[in-house]
Amino acid sequence: MRRRQGRADAYEEFAAARAGHLYRSACLLTAGDTHLAEDLVQETLGRLYVGWGRMSRVGNPAGYAQTVLTRTFLTHQRRRSSTERATDVLPDLPDPGGSGGDTPLRLTLLQALSRLPAKDRAVVVLRYWEDRSVEETADVMHVSSAAVRTRCVRALGRLRELLGENLDEYARP
């Protein structure tokens, strides 16, 4: 009984510590869809809870959680209902952090990310937000390292087309 309670306490501590980071990653993966991001984090934490007893064999639980999040996102993208329609128009959102000047930049980046295919978006988030290596990204996505490099080049090229070479114009208030 104590062992079970100890595992539950360890899981709660882990979930509380990682939920914010998972949510930020999920927001990037979903290109700013906060509702979907919350759902993805909840599903990720649920999957981790189910397998928490085996977590002692995982060397990096935080990295494993990011992997589960990315795979959950990609699975969701494959299952998208045929009745849902993507839009390239983001609503005006209030600035939750009160950071002021970077709101136009943030919205522009999220809008550009939303125009990338899901796998390209996942590669950009894993490589440049999560700072993972090509090999780690390939492992998470179940693809070859060459496929990750190709997707990176394609995604960054597309982002340059969408954003231009100079982001300074978006960062000015």
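Here, every reference points to the structure presented above.
Residues numbered from 1 in each chain as written. Predicted model: local features only at pLDDT ≥ 70, side-chain atom pairs only at ≥ 80, totals over all residues. Heavy atoms only, no water.

Caption draft 1: The arrangement of the overall build of the protein chain in detail. Per the secondary structure count, the protein chain includes eight helices and zero strands. Looking at the protein chain as a whole, 35% of its 173 residues are labelled buried. Long-range pairs, those at least 24 residues apart, make up 65% of the contacts in the protein chain between residues at least 6 apart in sequence. As displayed, the protein chain offers around 10,800 Å² of accessible surface, 51% of which is attributable to carbon and sulfur atoms. (Helix = DSSP H or I, 4+ residues; strand = E, 2+ residues; numbered from the N terminus. Buried < 20%, exposed > 50% of the residue type's maximum accessible area, 1.4 Å probe, protein only. Contact = heavy atoms within 4.5 Å. Areas by Shrake-Rupley, 256 points an atom, 1.4 Å probe, with all protein chains shown as cover.)

Caption draft 2: Structural view of the environment of Ala 8. Mapping Ala 8 onto the fold places it in helix α1 (residues 2-29). The exposure class assigned to Ala 8 is partly exposed, which follows from its relative accessible area of 21%.

Caption draft 3: How the structure looks around unusual backbone geometry. Even without being a glycine, Ala 31 presents a positive backbone phi close to 55°. Position of Ala 31 among the secondary structure elements: in the loop between α1 and α2 (34-50). With a phi angle near 60°, Asp 131 is a residue other than glycine that sits in the positive phi range. Topologically, Asp 131 is positioned in the loop between α5 (118-129) and α6 (134-141).

Caption draft 4: Structural view of the side chain of Arg 121. Among the structural elements, Arg 121 can be located in helix α5. With no salt bridge to any partner, buried Arg 121 finds its closest opposite charge in Asp 33, at an N-O distance of 8.3 Å. Within the structure, the side chain of Arg 121 is placed 2.7 Å from the backbone oxygen of Leu 29, a separation counted as a polar contact. Looking at Arg 121, its side chain comes within polar contact range of the main-chain oxygen of Leu 113, at 3.0 Å. Beyond its immediate sequence surroundings of up to four residues, Arg 121 is in contact with Leu 28, Leu 29, Thr 30, Ala 31, Phe 73, Leu 113, Ser 114 and Leu 116. (Lys, Arg positive; Asp, Glu negative; His and termini not counted. Salt bridge = Lys/Arg side-chain N within 4 Å of Asp/Glu carboxyl O. Polar contact = N/O pair within 3.5 Å; in protein donor to acceptor, adjacent residues only side chain to side chain.)

Treat this as a map of the structure, not an account of what it does.
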